[in-house]
Amino acid sequence: MSFEIFLMAPPGLEPVLAEEAAEAGFPAPKVVPGGVTFEGGWPDAWRANLVLRGAGRVLARIGAFRAFHLAQLDKRSRKFDWCAVLRPDVPVRVEVATNRKSKIYHARAAQQRIETAITEELGAPIAPDAPVTIRARIDDNLVTLSVDTSGGLLHKRGAKEAVGKAPLRETMAALFLRQCGFRGTEPVLDPMCGSGTFVIEAAEMAAGLAPGRARDFAFTQLASFDAGPWEALRAALPAPRATDLRFHGSDRDAGAFAAARANAARAGVGDLVDFRKAAAGDITPPEGPPGLVIVNPPYGLRIGQRKPLFALHAALGRALRERFGGWRVGLVTTDAGLAGATELPFLPTGRPVPHGGLRVTLHRTDSLP
Ligand SMILES: C[S@@+](CC[C@H](N)C(=O)[O-])C[C@H]1O[C@@H](n2cnc3c(N)ncnc32)[C@H](O)[C@@H]1O
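All figures in this text were calculated on a predicted structure; none of them were measured in a lab.

Rules and cut-offs
Residues numbered from 1 in each chain as written. Predicted model: local features only at pLDDT ≥ 70, side-chain atom pairs only at ≥ 80, totals over all residues. Heavy atoms only, no water. Pairing = 2+ DSSP bridges. Helix = DSSP H or I, 4+ residues; strand = E, 2+ residues; numbered from the N terminus. Near = heavy atom within 4 Å. Polar contact = N/O pair within 3.5 Å; in protein donor to acceptor, adjacent residues only side chain to side chain. Areas by Shrake-Rupley, 256 points an atom, 1.4 Å probe, with all protein chains shown as cover. Buried < 20%, exposed > 50% of the residue type's maximum accessible area, 1.4 Å probe, protein only. Lys, Arg positive; Asp, Glu negative; His and termini not counted. Salt bridge = Lys/Arg side-chain N within 4 Å of Asp/Glu carboxyl O. Contact = heavy atoms within 4.5 Å. Phe/Tyr/Trp six-rings, centres within 6.5 Å; stacked < 30°, edge-to-face > 60°. Lys NZ or Arg CZ within 6 Å of the ring centre and 35° of its normal. Axes fitted to C-alpha atoms, helices over the stretch in contact; angles between N-to-C directions. Domains from an automatic or database assignment. Buried area = accessible area lost by both parts, 1.4 Å probe.

(A) A look at the pairing of strand β4 (residues 58-66). In this sheet, β4 lies alongside strand β1 (residues 3-8) in antiparallel orientation, the contact comprising three bridges. Bridging from a neighbouring strand, I5 pairs with A60 of β4. Two elements, β4 and strand β7 (residues 142-148), share seven bridges in a ladder whose sense is antiparallel. The residue bridging L59 from the neighbouring strand is D148, located in β7.

Pasting the structure below:
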């Protein structure tokens, strides 16, 4: 059986995720607003959760029907083959999104109809903290039903416990690394590494570690789950690759990189990373071939914070321009003025990407002279 599988991506980064999905062997991934879709079966949805670094979650589209009013939604929801997907013993919750083009516009009422159908026809309990979520979209009177196969968002890799200030999501960090051309074959340095998100993602990519190797997924609680093929999929993951590359992070806050070190050890890449205390303006290139500097400096959103950040960006830019010939730079910020203060030769930027209520932009360079 095949159906549409939706990979959620931050708006603006959909093409980057589509490229990752294509490289991972998923057939003909298509960019749509907020994600990427392809046709596949349950094992494809499991594998997408396990191996894709950039997907925020993986939804399986389990059906669609027209409903012009609530009584029709009630009737068609009751007829829906829930037992092909859901288990009567596993609690479920339902989320509904409607739009103005639909006659059913009251999301809460629609949610209640679908929940009632699931409890009364299948027998599964409804609970707000249920491990399984059904997502219904009602668009132009078409009800599309999906099940969230991931459960918790996929940036939660399962290894990271200590989080610093304003951490980037791992999924977004992985997509920015990819956008900078990083494919796991060169060193990476983050001179304001915080909890080490870029450094740890890069080290995992170099070691060929699957991002989902240490976490649970909601799909294991679905009726469509089959432990045998899932275990076979996990067993078929390639063994970690040996690499001589090293991944470097520094931060002027000693607490930040202590957390980064603990996170890397938990992720199993403790031997590939090197975290140290340093001010961004004092960085020097590590020994060995050039690679990628990627950094997400503080944004200075509060009044009085922005001005000192110009000096910090200027110092970082000077260090990179003077000492990092042959390296490429990726700088993620909300503030194009601060990026400009580095005086780095940035290429034209793409569209800003929403992140935690802000809009961040990746500024990239080619290899520095
Ligand atoms: C936005 S956070 C980076 C978060 C990081 N990308 C993560 O995912 O955890 C900015 C970091 O810059 C560090 N920082 C601020 N000023 C610095 C300086 N002059 N030198 C080095 N690090 C600095 C802060 O300690 C903070 O950890």
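Don't stop here, the text continues.
(B) Summary view of the site of the ligand. In the vicinity of the ligand there are 19 residues, among which L168, S195, T197, D251 and A280 approach most closely. Between an oxygen atom of the ligand and a main-chain N or O atom of L168, the distance comes to 2.9 Å. With respect to the ligand, the side chain of S195 contributes an N or O atom lying 2.7 Å from an oxygen atom. Contact with the protein chains hides 93% of the accessible area of the ligand, taken as 610 Å² for the molecule alone.

(C) Seen up close, the environment of A267. For A267, the position within the fold is in helix α8 (residues 254-267). A residue is classified by how much of its surface remains accessible, and A267, at 6% relative accessible area, is buried. When the C-alpha atoms of A267 and R213 are compared, they prove to be 9.7 Å apart, with 54 residues separating the residues in sequence.

(D) Representation of the side chain of E20 in the model. Along the chain, E20 turns up in helix α1 (residues 14-23). In this structure, E20 is buried with no salt-bridge partner, the nearest side chain bearing the opposite charge being R178 at 4.8 Å. At 2.7 Å, the side chain of E20 and the backbone nitrogen of R53 are in polar contact. Among residues more than four places away in sequence, those in contact with E20 are V51, L52, R53, G54, L175 and R178.

(E) Geometry of the packing of aromatic side chains. Under the definition given, this model contains eleven aromatic pairs. Relative to F38, the ring of F26 lies with its centre 4.9 Å away and its plane at 40°, an arrangement referred to as tilted. Placement of F26 in the loop between α1 and β2 (30-32) and of F38 in strand β3 (residues 35-40) is noted, with a sequence separation of twelve residues between them. The exposure class assigned to F26 is buried, which follows from its relative accessible area of 3%. Under the relative-accessibility criterion, F38 is labelled buried at 3%. Relative to W230, the ring of F217 has its centre 6.0 Å away and its plane inclined at 90°; by these criteria the two rings are edge-to-face. Taken as a pair, F217 in the loop between α6 (197-207) and α7 (227-235) and W230 in helix α7 lie far apart in primary sequence, 13 residues in all. Between the NZ or CZ atom of R47 and the centre of the ring of F26, over which it lies, the distance is 4.0 Å.

(F) Representation of the sheet that holds strand β10 (residues 273-277). The sheet built from seven strands is open, its strands ordered β10-β9-β8-β11-β12-β14-β13 with mixed pairing. Two strands close off the open sheet at either side, each with one partner strand: β10 and β13 (353-355). Recorded for the sheet is a direction-independent mean angle of 20° between the axes of neighbouring strands. Here strand β8 (residues 188-190) pairs with strand β9 (residues 247-251) via three bridges, running parallel. Bridge pairing in β9 links D190 to G249. Across the sheet, α6 is in contact with β8, β9, β10, β11 (292-295) and β12 (328-333); its angle to β9 comes to roughly 175°. Lying on the sheet, α8 is in contact with β9 and β10; it crosses β10 at an angle near 165°.

(G) Summary view of the domain arrangement of the protein chain. Looking at the assigned domains, one finds that the protein chain contains domain 1 (3-148) and domain 2 (170-211 + 239-364). Every contact between the two is made by 16 residues of domain 1 and, on the other side, 19 residues of domain 2. Here domain 1 packs against domain 2, burying approximately 1400 Å² in sum over the two surfaces, 62% of which is carbon and sulfur. Area buried by domain 1 at its contact with domain 2 is led by L13, V16 and R53, which between them contribute 48% of it. There are six salt bridges connecting domain 1 and domain 2. Its salt-bridge partner being R178, residue E19 comes within 2.8 Å of it at the nearest N-O pair.

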